[in-house]
Amino acid sequence: MIKKTFTILCIYFFIVFINACYCPEPQLPYFDFEAINITTDKPNPNHHENGFSFTITFDSIAFLAQNNIQFINNAYALSCEESGDYGLKYGIKEINVYADSIFDASIPSAERLNEFFEVSMHTSAFTPLNEFNDSHDRIYYRSEIRLFSQSVPVDLNRDYNFVIEIIKENNDIVKSEAGPLRWSE
């Protein structure tokens with residue numbers, strides 16, 4: 001009786017494993033984006049509060065063919081992958097933030113404000129944006145990017161518009177504008 005039960009269980013798991021072998025290889029496992037959407041948590045941040053943040057999401061997504069050969073079958077994972085599951089075909093090399101006027105007295109207008117921002121993906125842990133840009137780590141996830149700053153602009157009586165620029169590994173540049181933001185006293 002134990003032998004029959006063991007044989008039936010082995011046959012069952014063999015069928016499950018064989019069935020997983022029939023996962024179609026994703027034809028377009030990578031994705032790329034042509035635009036970004038930017039939202040802000042507070043359009044009127046208070047300079048006494050704990051900063052402000054931008055959320056960046058990818059837009060105009062296209063699924064792309066793979067750029068390398070895989071020798072491992074999907075059966076090992078016992079699940080089928082879908083288009084875009086392998087991440088960005090061209091990783092993000094750099095993220096830059098600019099303001100439309102002088103944000104800090106130490107930085108001229110139209111210069112990067114990266115030193116005032118931190119970046120986060122998938123976790124609540126933030127990394128200084130300059131460290132992210134100087135590292136060789138790339139983003140290979142289809143999700144959102146958060147930029148956070150505790151800085152307050154030099155002029156609280158005006159609106160600030162920000163341009164966020166993403167440079168991909170293939171040197172394509174994607175930009176979008178966020179704002180206007182006006183700090184309240």
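Residues numbered from 1 in each chain as written. Predicted model: local features only at pLDDT ≥ 70, side-chain atom pairs only at ≥ 80, totals over all residues. Heavy atoms only, no water.

Along its length, the chain carries two helices and nine strands. In the chain, the succession of helices and strands from N to C terminus is α-β-β-β-β-β-β-α-β-β-β. Burial analysis of the chain (185 residues in total) assigns 35% to the buried set. Long-range contacts, defined here as pairs at least 24 residues apart, represent 69% of the contacts in the chain between residues at least 6 apart. (Helix = DSSP H or I, 4+ residues; strand = E, 2+ residues; numbered from the N terminus. Buried < 20%, exposed > 50% of the residue type's maximum accessible area, 1.4 Å probe, protein only. Contact = heavy atoms within 4.5 Å.)

If you trace the three strands from one edge of the open sheet to the other, you get β4-β8-β9, paired in antiparallel fashion. Of all the strands in the sheet, the pair left with one neighbour each is β4 (92-99) and β9 (173-181). Neighbour-to-neighbour, the strand axes of the sheet open up by a mean angle of 15°, direction not taken into account. Relative to strand β8 (residues 160-168), β4 is paired through seven bridges, and the arrangement is antiparallel. Each residue of the ladder has a partner; that of Ile-92, found in β8, is Lys-168. (Pairing = 2+ DSSP bridges. Axes fitted to C-alpha atoms, helices over the stretch in contact; angles between N-to-C directions.)

This brings us to the confidence of the model for the chain. Where the model shows low pLDDT, its predicted coordinates should not be examined in detail. In this model, the chain carries an average pLDDT of 78, and 75% of its residues clear a pLDDT of 70 or more. Across the chain, the secondary-structure element scoring lowest on mean pLDDT is strand β3 (residues 87-88), at 76, and the one scoring highest is β8, at 91. pLDDT under 50 marks residues 67-77. Its contacts with residues more than four places away, or in other chains, come to 15 contacts. (pLDDT = per-residue confidence, 0-100.)

With that out of the way, let us pick up the sheet that holds β3. Read across the open sheet, the six strands follow the order β3-β1-β2-β7-β5-β6; overall the sheet is mixed. Bordering the open sheet on either side are β3 and β6 (127-128), each of which pairs with just one other strand. Judged from the three bridges that link them, strand β5 (residues 118-120) and strand β7 (residues 144-149) form a sheet pairing that is antiparallel. What sits directly across from Val-119, in β7, is Leu-147.

What follows covers the nonpolar core. Core analysis: the largest hydrophobic core is formed by 32 residues, its most contacted members being Phe-54, Ile-95, Phe-117, Leu-147 and Phe-162. Elements with a minimum of two residues in this core: β1 (30-40), β2 (52-64), β4, α2 (129-134), β7, β8 and β9. (Core = buried A, V, L, I, M, F, W, Y, C linked by side-chain atoms within 4.5 Å.)

Now for the pattern of salt bridges. Opposite charge on two side chains allows them to pair when their charged atoms are near. By the definition in use, this model includes five salt bridges. Between Asp-32 and Lys-168 there is a salt bridge, and its shortest N-O distance comes to 2.9 Å. A residue pair is termed long-range when its members are at least 10 positions apart, and Asp-32 in strand β1 and Lys-168 in strand β8 qualify at 136 residues. Lys-168 gets classed as buried once you look at its relative accessible area, which sits at 2%. Linking Glu-165 and Lys-175 is a salt bridge whose minimum nitrogen-to-oxygen distance equals 3.9 Å. Of the two residues, Glu-165 sits in strand β8 while Lys-175 sits in strand β9, which places them 10 residues apart along the sequence. Relative accessible area serves as the criterion here: at 55%, Lys-175 is assigned to the exposed category. (Salt bridge = Lys/Arg side-chain N within 4 Å of Asp/Glu carboxyl O.)

Apart from glycine, the bulk of residues carry a negative phi angle, and the bulk of peptide bonds sit in the trans form. Backbone torsion omega between Gly-179 and Pro-180 reads 5°, so that peptide bond is classified as cis. Its place among the elements puts Pro-180 in strand β9. The phi dihedral of Ala-110 falls on the positive side, at around 70°, and the residue is not glycine. Structurally, the position occupied by Ala-110 is in the loop between β4 and β5.

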